[in-house]
Amino acid sequence: MQTSSPLAAEAAAPGVAVRVRGLGKTYAGGFTALQDVDLDIRKGELFALLGPNGAGKTTLISIVCGIVNPSRGTVTADGHDVTREYRAAREKIGLVPQELTTDAFETVWNTVSFSRGLFGKAKNPAYIEKLLRDLSLWDKKDSKIMMLSGGMKRRVMIAKALSHEPEILFLDEPTAGVDVELRRDMWEVVRGLRERGVTIILTTHYIEEAEQMADRVGVINKGRIMLVEDTAELMRKLGEKRLILQLSEPLQRVPETLASHRLTLAADGRELVYTYDAQGERTGITGLLRELSAAGITFRDLSTKQSSLEEIFVNLVRSSQ
Amino acid sequence: MNLRAIAAIYRFEMARTRRTLLQSIVAPVISTSLYFVVFGSAIGSRITEVDGVSYGAFIVPGLIMLNLLTQSVSNASFGIYFPKFTGTIYEILSAPVSYLEIVLSYAGAAATKSIMLGIIILATAALFVPLRIEHPLWMLLFMFLTAATFSLLGFIIGIWADNFEKLQLVPLLIVTPLTFLGGSFYSIHMLPPLWQKVTLFNPVVYLVSGFRWSFYGLADVSVGLSLGMIVLFLAICLATIAWIFRTGYRLRT
Ligand SMILES: Nc1ncnc2c1ncn2[C@@H]1O[C@H](COP(=O)(O)OP(=O)(O)OP(=O)(O)O)[C@@H](O)[C@H]1O
Ligand SMILES: [Mg+2]
């Protein structure tokens, strides 16, 4: 694909796995599910897409994977336009969809081999075997899928998505309704993929997961990308910190003299919580501590806590409403 | 061409056939045998010969056509409807396969299955009546063209249908009646003159006539016309499918 148009040159930018530009989707009924979405997913990163129900996460993923037609804008995967050069683009992509949909009557082995063939790859029983072993599916390889539990079916769907050795993997809420063990197995697999340089884009409602696993986080709401940020940076930038003081003597209420500070009582008055902006010029901690001792309040211990991604996320979505 | 994908879908569809062997092979064999008992013996004792061919032998091409049409339509429509219904279509849509490859593999598998069935019915018939095939290559060509055309029609129905009722509707209300009224069990010359004219609007007449000609050299309409008509249906189906693919109709939202 040798073109000299600036768009193609941009699409082929090194280090970009998926490039979304001006993407919009209006469904047949007239509902606009995506609006002016611009997004770059870097090669080899783990990107978490967060957003409330109906935000447009699945729609966005479906467009990249070729299941839904875009109404406006362009998407490239590994430099290939997903509509004009769909073959080259889709060969690179694996998808674990949100819904559990499997061919009930097929065996695990056959359905995974089928997926590999569908993506035009030559048979490779050794690879499929390794894949099934990694996902603890090996002893189920000859079972019909309908005989498997829901968690096992989800593993099968992951195996199908990985059957053709994709370079870009989409996981649409992979951990919804999944037990602890499977979740651990899955993160193990994800970590392994990442070490091999596979780009991973996942959506989840478990924000701790994004916080722990993702390099970057994107927040989408009502079809618009609200923010894209390094996870750590986001935590630092938007994060509020809380100073928690374990009081020697419990308090009934926050003393009048301290009312100008953002103080709350917790743990039946045994903890005094001070919320402050960790990025601010002055945190106000020194002043607070001075006033506390002036008011005769003493404490046994203190700790600080950074607000979780979940709180940041809730605040963002709320502020956009 | 993603040949591996075509092979994968084709094999998947054929495996589905194997799983439903009883329904897909045994049932038609039994119903064919019943036709011979009912039509061959009961009616055949009254109509002994049609244009010099025993009635039992006369109905064989029609019977094969009847099965070829209905099975091609139902196999192909179900084959593409089912993944839409269960949601597994997501994988086909996200794979590097073109629409052409999708239709080749689904319709190809459906056509293969119904041709196999046609041959089984032919063999079953040979147990009941003395058969004669004057133009075997033409017979195979008619079989192939019919299976291919009606598998494409089935594919279109499978794409169009958004519930099981619609999936059954076209075969039940259109394909089966047209086949029964298309001269499968009689020569249209046996009809009153007005009905002979009306019948010519039934496309199945041309298929049965051409197919029967390949057996006994007997035809209601000229062989060239038969061939022309089936090629016309094929062209109409192909054009419809091309339109479906261009617009993404009912496959991609
Ligand atoms: N085929 C469709 N036709 C019409 N509207 C649709 C279609 N698919 C999705 N939508 C609408 O588009 C919006 C976005 O849906 P989408 O599935 O992308 O959300 P999501 O972010 O994945 O939500 P969830 O977290 O619940 O999975 C929703 O309001 C949904 O109702
Ligand atoms: Mg979703």
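Residues numbered from 1 in each chain as written. Chains lettered and ligands numbered in written order. Predicted model: local features only at pLDDT ≥ 70, side-chain atom pairs only at ≥ 80, totals over all residues. Heavy atoms only, no water.

## Topic: the site of ligand 1
Residues and elements named next belong to chain A.
Move 1: Ligand 1 sits among 14 residues. The nearest are Gly54, Lys57, Thr58, Thr59 and Gln98.
Move 2: The side chain of asparagine 53 places a nitrogen or oxygen atom 2.8 Å from an oxygen atom of ligand 1.
Move 3: Threonine 59 is positioned with one of its side-chain polar atoms (N or O) 2.6 Å from an oxygen atom of ligand 1.
Move 4: Starting from 640 Å² of accessible surface for ligand 1 in isolation, the protein chains cover 66%.
Move 5: Of the residues contributing to the shell around ligand 1, the split by class is 5 nonpolar, 7 polar and 2 charged. (Near = heavy atom within 4 Å. Polar contact = N/O pair within 3.5 Å; in protein donor to acceptor, adjacent residues only side chain to side chain. Areas by Shrake-Rupley, 256 points an atom, 1.4 Å probe, with all protein chains shown as cover. Nonpolar A, V, L, I, M, F, W, Y, C, P; charged D, E, K, R; others polar.)

## Looking at the pairing of strand S13 (residues 271-277) of chain A
Residues and elements named next belong to chain A.
Move 1: With 5 of 7 residues buried, S13 lies mostly within the body of the structure.
Move 2: Looking at chain direction, strand S11 (residues 240-247) and S13 are connected through 7 bridges and run antiparallel. Paired with lysine 241 across the two strands is tyrosine 276, which belongs to S13.
Move 3: Taking the residues between adjacent antiparallel strands as the criterion, strand S12 (residues 263-266) and S13 are bridged by 4 residues, where alanine 267 takes a positive phi near 50 degrees. (Buried < 20%, exposed > 50% of the residue type's maximum accessible area, 1.4 Å probe, protein only. Helix = DSSP H or I, 4+ residues; strand = E, 2+ residues; numbered from the N terminus. Pairing = 2+ DSSP bridges.)

## Points about the pattern of salt bridges
Move 1: Summed over the entire model, instances satisfying the criterion amount to 22 salt bridges over all chains.
Move 2: Residues A:Arg84 and A:Asp81 are paired through a salt bridge, measuring 3.5 Å at the closest nitrogen-oxygen approach.
Move 3: By relative accessible area, which is 65% here, A:Arg84 ends up exposed.
Move 4: Given a relative accessible area of 6%, A:Asp81 falls into the buried group.
Move 5: A salt bridge links B:Glu134 to B:Arg132; the shortest N-O distance between them is 3.2 Å.
Move 6: According to the relative accessible area criterion, B:Glu134 is partly exposed, its value standing at 39%.
Move 7: When salt bridges with common partners are traced through the structure, they connect A:Arg19, A:Arg21 and A:Asp40 into a single cluster. (Salt bridge = Lys/Arg side-chain N within 4 Å of Asp/Glu carboxyl O.)

## Looking at the sheet that holds S13(A)
Residue and element names in this part refer to chain A.
Move 1: Spatial strand order, S12-S13-S11-S14: 4 strands in an open sheet with antiparallel pairing. Edge positions in the sheet fall to S12 and strand S14 (299-306), since each of these pairs with one other strand and no more. Averaged over all neighbouring strand pairs, the angle between strand axes comes to 25 degrees, with direction disregarded.
Move 2: On the sheet, helix H10 (residues 285-294) packs against S11, S12, S13 and S14 and is oriented at approximately 155 degrees with respect to S13. (Axes fitted to C-alpha atoms, helices over the stretch in contact; angles between N-to-C directions. Contact = heavy atoms within 4.5 Å.)

## Side note on the interface of chain A and chain B
Move 1: Taken together, the contacts link 29 residues of chain A with 25 residues of chain B.
Move 2: Summing the contributions of chain A and of chain B, the shared interface buries around 2500 Å²; its carbon and sulfur component is 57%.
Move 3: For the chain A face of the interface with chain B, the top three residues by lost area are A:Arg87, A:Phe114 and A:Leu118, together amounting to 25%.
Move 4: The interface formed by chain A and chain B holds 3 salt bridges in total.
Move 5: For B:Glu101, the salt bridge goes to A:Arg87, with nearest N and O atoms at 2.7 Å.
Move 6: Seen at the junction of chain A and chain B, the total is 13 residue pairs in polar contact (both at pLDDT 80 or more).
Move 7: Mapped by element, the contributors of at least two residues to the side of chain A that touches chain B are helix H3 (86-91), helix H4 (108-118) and helix H6 (150-162) of chain A.
Move 8: Across the side of chain A that touches chain B, the residue classes break down as 13 nonpolar, 7 polar and 9 charged. (Buried area = accessible area lost by both parts, 1.4 Å probe.)

## Comments concerning the sheet that holds strand S8 (residues 199-203) of chain A
Residue and element names in this part refer to chain A.
Move 1: Within the open sheet, the 6 strands sit side by side as S6-S7-S8-S3-S9-S10. Their pairing is mixed. The sheet is open, and its two borders are formed by strand S6 (93-96) and strand S10 (224-230), each paired with just one other strand. The average angle at which neighbouring strand axes cross in this sheet is 15 degrees, direction not considered.
Move 2: Sheet topology note: the S6/strand S7 (residues 168-172) ladder contains 4 bridges and is parallel. Among the inter-strand pairings, isoleucine 93 is bridged to a residue of S7, identified as isoleucine 168.
Move 3: Along the sheet face, helix H2 (residues 57-65) touches strand S3 (46-50), S6, S7, S8 and strand S9 (216-221) and points at about 150 degrees away from the line of S7.
Move 4: Lying on the sheet, H6 is in contact with S6 and S7; it crosses S6 at an angle near 170 degrees.

## Focus on the coordination of the magnesium ion (ligand 2)
All names here are of chain A.
Move 1: Protein coordination of the magnesium ion (ligand 2) is provided by Thr58 (OG1) and Gln98 (OE1), with donor distances spanning 1.9 to 2.1 Å. Highlighted residues: threonine 58 in helix H2 and glutamine 98 in the loop between S6 and H4, separated in sequence by 40 residues.
Move 2: In this structure glutamine 98 comes out as partly exposed when scored by relative accessible area, which is 30%. (Donors = N, O, S within 2.8 Å, 3.2 Å for Na, K, Ca; no water.)

## Remarks on helix H5 (residues 125-134) of chain A
All names here are of chain A.
Move 1: For H5, every residue scored as buried is listed here: Tyr127, Ile128, Leu131 and Leu132. Seen along its axis, H5 keeps its buried residues to an arc of 130 degrees; they face one direction.
Move 2: Looking at the buried side of H5, the elements it contacts are H4 and H6. (Arc of directions from axis to C-beta.)

## Details of the pairing of S7(A)
On a regular strand, one side chain projects to one face of the sheet and the next to the other, so that they alternate.
Residues and elements named next belong to chain A.
Move 1: Most of S7 is tucked away, with 5 of its 5 residues classed as buried.
Move 2: Of the two faces of S7, the one carrying Ile168, Phe170 and Asp172 and the one carrying Leu169 and Leu171 are both buried.
Move 3: Tracing the backbone out of S7, into helix H7 (residues 180-195) and back to the parallel element S8 gives a crossover that is right-handed. (Right-handed = clockwise from strand over helix to strand, strands pointing away.)

## Description of the side chain of B:Arg212
All names here are of chain B.
Move 1: Following the sequence through the fold, arginine 212 ends up in helix H9 (residues 203-216).
Move 2: Here arginine 212 sits buried without a salt bridge, and the closest side chain of opposite charge, aspartate 220, lies 4.2 Å off (N-O distance).
Move 3: Leaving out residues up to four positions away in the same chain, arginine 212 has contacts with Phe58, Pro61, Gly183, Ser184, Tyr186, Gly217, Leu218 and Asp220. (Lys, Arg positive; Asp, Glu negative; His and termini not counted.)

## Quick word on the UniProt feature "transmembrane region" (unreviewed entry) in chain B
Residue and element names in this part refer to chain B.
Move 1: With numbering matched to this structure, UniProt assigns "transmembrane region" (unreviewed entry) to residues 21-43, 55-82, 115-133, 140-161, 167-188 and 225-245.
Move 2: The distance from the first to the last C-alpha atom of residues 55-82 is 40 Å, and the span holds 100% helix and 0% strand.
Move 3: Spanning residues 140-161, this segment combines 95% helix with 0% strand, and its end C-alpha atoms are found 31 Å apart. (UniProt positions renumbered as here; feature names shortened; annotations may be inferred.)

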